[in-house]
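# Inside the fold
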Amino acid sequence: MKVLVIGNGAREHALCRSLSLDSDVTALHCAPGNAGIAEVAELHQVDALDGPAVAALATELGADLVVVGPEAPLVAGVADAVRAVGIPVFGPSGEAARIEGSKAFAKDVMAGAGVPTARSYVCTNAAEVAEALDAFGAPYVVKDDGLAAGKGVVVTDDLDAAKAHAAACERVVIEEFLDGPEVSLFAITDGETVLPLQPAQDFKRALDGDEGPNTGGMGAYSPLPWAEPKLVDEVLETVLQPTVDEMRRRGTPFSGLLYAGLAITSRGVRVIEFNARFGDPETQVVLARLKTPLARVLLAAAEGTLDDLPPLRWREDAAVTVVIASHNYPGSPRTGDPITGLGTVAAEDAPHAYVLHAGTRRDGDAVVSAGGRVLSVTATGKDLTEARERAYTAVARIDLDGSQHRTDIAAKAAAEA
């Protein structure tokens with residue numbers, strides 16, 4: 001089949017890498033892509049938020065499947081435009097993508113589905129904000145209701161900081177703080193059948209020891225040796241299937257990738273948030289462990305035939321991803337810096353370690369930084385310790401002036417495994 005992937009980050013590079021290794025895929029295209037994706041797919045310039053333009057490109061390429069990676073095009077209804085021209089698309093409709101596009105909408109869906117989540121208030125003015133913050137007390141959890149590229153959440157003990165974040169948002173959701181470790185669990189669904197993937201954990205804070213500001217994610221690992229063996233089945237039964245059933249009941253069936261951000265609290269599993277697409281950087285480690293070829297699974301979700309597929313197969317290996325970010329990230333990142341060492345990683349560390357590009361572009365013969373999160377260095381190994389060692393060996397080969405990365409990705413889990 002001919003596949004077109006929409007997006008330009010490390011998540012899309014991970015998707016393109018997996019699709020390029022699938023014997024069913026005869027042609028792979030990506031729009032707009034990046035310097036790394038160009039090595040496995042043919043790139044095309046298109047405005048990812050322009051549904052008719054994406055649909056026209058898919059038609060022109062004769063695509064058999066379109067995979068929409070990022071959240072903004074999904075919320076903008078790009079998947080609807082592609083479906084309207086008769087091409088199967090992996091990704092929810094604009095209406096269904098509101099489960100990520102609006103925190104308040106997601107809370108309403110969870111209430112209807114009986115899904116366990118944090119108690120919350122939706123606030124639109126300073127008086128409501130003050131009342132909600134007072135009701136819950138510290139630590140304060142303040143979430144921008146709309147899309148914020150993974151950086152719209154502030155968790156703080158500082159009341160003034162909480163109020164300042166709320167004041168900068170049009171509408172906010174203020175929640176009780178959920179204790180316990182966080183887990184990301186993805187599920188592929190066609191609107192009825194729900195196929196959970198393997199769980200992962202990501203690292204949101206910029207600095208070691210979970211210090212510093214929130215980011216889009218600085219690394220991830222899978223599997224989770226500390227998690228209960230029944231976790232995936234429990235989340236499927238209490239969170240994922242009820243949510244998909246509720247969306248269908250409302251007349252806005254959800255087809256594509258449903259991402260549940262979970263807290264494993266002292267009172268049980270609670271949903272922190274839903275996303276309407278693969279998460280970054282967790283996708284990098286989850287797909288590194290998936291043995292089943294990806295294209296037919298995504299096509300089955302797009303065509304409503306997931307129930308016909310055999311169970312997914314997984315590698316025993318562990319996977320770790322370390323994000324290399326540019327100078328000043330998550331503030332205004334510096335771009336245009338040359339990146340060296342990519343060829344050395346390919347020559348010395350493959351196939352156990354490889355680099356997935358996020359914010360990169362070609363400048364003549366050089367690859368230069370073009371965003372905040374620049375690269376996702378991903379490695380597999382017999383356990384988390386070996387996967388970590390391989391990932392950080394590869395990280396050390398890469399040079400990007402002023403870059404930063406965390407040194408403790410998966411360290412605690414590896415030590416306790």
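In this report, we go over the structure that sits alongside the text. (Residues numbered from 1 in each chain as written. Predicted model: local features only at pLDDT ≥ 70, side-chain atom pairs only at ≥ 80, totals over all residues. Heavy atoms only, no water.)

What follows concerns the sheet that holds strand β8 (residues 153–156). The sheet built from 4 strands is open, its strands ordered β6-β9-β7-β8 with antiparallel pairing. If you trace the sheet from one side to the other, it starts and ends with β6 (120–123) and β8, each paired once. Adjacent strand axes in the sheet meet at a mean angle of 20°, parallel and antiparallel pairs treated alike. Two elements, strand β7 (residues 140–144) and strand β9 (residues 172–175), share 4 bridges in a ladder whose sense is antiparallel. By the bridge assignment for β9, Asp144 is matched with Val172. Against the sheet, helix α7 (residues 126–136) engages β6, β7 and β9, with an angle of about 165° to β6. Where helix α8 (residues 159–167) meets the sheet, it contacts β7, β8 and β9, and its direction lies at approximately 15° from that of β7. (Pairing = 2+ DSSP bridges. Helix = DSSP H or I, 4+ residues; strand = E, 2+ residues; numbered from the N terminus. Axes fitted to C-alpha atoms, helices over the stretch in contact; angles between N-to-C directions. Contact = heavy atoms within 4.5 Å.)

With respect to burial, strand β1 (residues 2–7) is a largely interior element, 5 of its 6 residues being buried. Of the pairings in the sheet, the one linking β1 to strand β2 (residues 27–32) comprises 6 bridges and is parallel in character. Bridge assignment links Val3 to a residue of β2, and that residue is Leu28. Regarding the hand of the β-α-β motif, the stretch spanning β1, helix α1 (residues 10–20) and β2 is right-handed. Bridge analysis of β1 against strand β4 (residues 65–68) gives 4 bridges, and the strand direction is parallel. Counterpart to Val5 in the pairing with β4 is Val67. (Buried < 20%, exposed > 50% of the residue type's maximum accessible area, 1.4 Å probe, protein only. Right-handed = clockwise from strand over helix to strand, strands pointing away.)

The 4 strands are arranged β11-β10-β16-β17 in an open sheet whose pairing can be described as antiparallel. With one partner strand each, in any of the chains shown, β11 (194–196) and β17 (268–275) form the two edges of the open sheet. Each strand of the sheet is rotated relative to its neighbour by a mean of 35°, with strand direction disregarded. When strand β10 (residues 182–189) meets β11, the two strands line up antiparallel, connected through 3 bridges. Opposite Ala187, over in β11, you have Pro196 as the bridge partner.

This part covers the nonpolar core. Judged by nonpolar contacts, the single largest core of 78 residues is most densely connected at Leu4, Val66, Ile99, Val320 and Ile398. Here this core takes 7 residues from helix α9 (residues 231–249), the largest share from any one element. Core analysis: the next-biggest nonpolar cluster, separate from the first, contains 44 residues, Leu28, Cys30, Phe186 and Ala220 among them. (Core = buried A, V, L, I, M, F, W, Y, C linked by side-chain atoms within 4.5 Å.)

On to the pairing of strand β23 (residues 373–381). Among the 9 residues that make up β23, 8 are buried, leaving the element largely enclosed by the rest of the structure. Pairing geometry for strand β18 (residues 318–325) and β23, over 8 bridges, is antiparallel. Opposite Ile324, over in β23, you have Leu375 as the bridge partner. Here strand β20 (residues 353–357) runs beside β23; their pairing, made up of 5 bridges, is antiparallel. Each bridged residue has a counterpart across the sheet, and for Ala353 the counterpart in β23 is Ala379.

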